[in-house]
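What follows is the residue order along each chain.
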Amino acid sequence: VQLVESGGGLVQPGGSLRLSCAASGFTFSSYVMSWYRQAPGKERELVALIQSAGGGTNYGNSVKGRFTISRDNAKSTVYLQMNSLKPEDTAVYYCNALRWGPYNYWGQGTQVTVSS
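Definitions and limits used
Residues numbered from 1 in each chain as written. Predicted model: local features only at pLDDT ≥ 70, side-chain atom pairs only at ≥ 80, totals over all residues. Heavy atoms only, no water. Helix = DSSP H or I, 4+ residues; strand = E, 2+ residues; numbered from the N terminus. Buried < 20%, exposed > 50% of the residue type's maximum accessible area, 1.4 Å probe, protein only. Contact = heavy atoms within 4.5 Å. Areas by Shrake-Rupley, 256 points an atom, 1.4 Å probe, with all protein chains shown as cover. Lys, Arg positive; Asp, Glu negative; His and termini not counted. Charge placed at Lys NZ, Arg CZ, Asp CG, Glu CD. Disulfide = S-S within 2.5 Å. Pairing = 2+ DSSP bridges.

Asker: Give a detailed account of the overall build of the protein chain, specifying residues and quantitative values.
Answerer: Broken down by element type, the protein chain carries zero helices and 11 strands. Written out in order from the N terminus, the α and β elements of the protein chain read β-β-β-β-β-β-β-β-β-β-β. With respect to the principal axes defined by its C-alpha atoms, the protein chain has extents near 40 × 25 × 25 Å. Across the 116 residues that make up the protein chain, the buried fraction comes to 41%. Residue pairs at least 24 apart in sequence account for 53% of intrachain contacts in the protein chain once pairs closer than 6 positions are excluded. Of the roughly 6000 Å² of accessible surface on the protein chain, a fraction of 48% belongs to carbon and sulfur atoms. If the 10 positive side-chain charges of the protein chain are averaged to one point and the 6 negative ones to another, these points end up 5 Å apart.

Asker: For the state of the cysteines, give the residues involved together with the corresponding values.
Answerer: Applying the stated criterion across every chain yields a total of one disulfide. Put simply, cysteine 21 and cysteine 95 are joined by a disulfide, and their sulfur atoms are 2.1 Å apart. Because the torsion about its S-S bond is -85°, the bridge between cysteine 21 and cysteine 95 counts as left-handed. Residue cysteine 21 is located in strand E3 (residues 17-24), and its partner cysteine 95 is located in strand E9 (residues 91-99); the two are separated by 74 residues in the primary sequence.

Asker: Quick one: what's the story with unusual backbone geometry, residue by residue and with numbers?
Answerer: Despite not being glycine, serine 76 shows a phi value in the positive range, around 50°. Within the fold, serine 76 resides in the loop between strand E7 (67-72) and strand E8 (77-82). At serine 84, a residue that is not glycine, the phi angle is positive and equals roughly 50°. By secondary structure assignment, the location of serine 84 is in the loop between E8 and E9.

Asker: Describe the pairing of strand E5 (residues 45-50), listing the residues and the values that go with them.
Answerer: Note: strand E4 (residues 32-38) against E5, five bridges, orientation antiparallel. In the strand pairing of E5, serine 34 is matched with leucine 49. Between E4 and E5, which pair antiparallel in sequence order, lie six residues; one of them, glycine 41, sits at a positive phi of approximately 75°. Pairing analysis gives three bridges linking E5 to strand E6 (residues 57-59), with the strands arranged antiparallel. In the strand pairing of E6, isoleucine 50 is matched with threonine 57.

Structure representation (structure tokens):
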């Protein structure tokens, strides 16, 4: 099982980034996919979630209206489009795959830094 995040980097406040998470080794379409983030000295928090079927989504309050999660089951990839970025969005962003039972996988994380 592998989850490989990409797309992080340094961006100015107000800018945009698109994160990608490429999955392999499991039936991607059967899993709820999520993005979490963890800033220094803070707990890991849920950023966005997308259901396995139907594509229903949920967002953390701090990113609603700015971030959009999507998935391409044919490519086994989940995306996070981040717009209107703020310095407080600075964190390591992690991809997560979850299914009923002992099926809970994490990526290695990608750093997002929002700074002028």
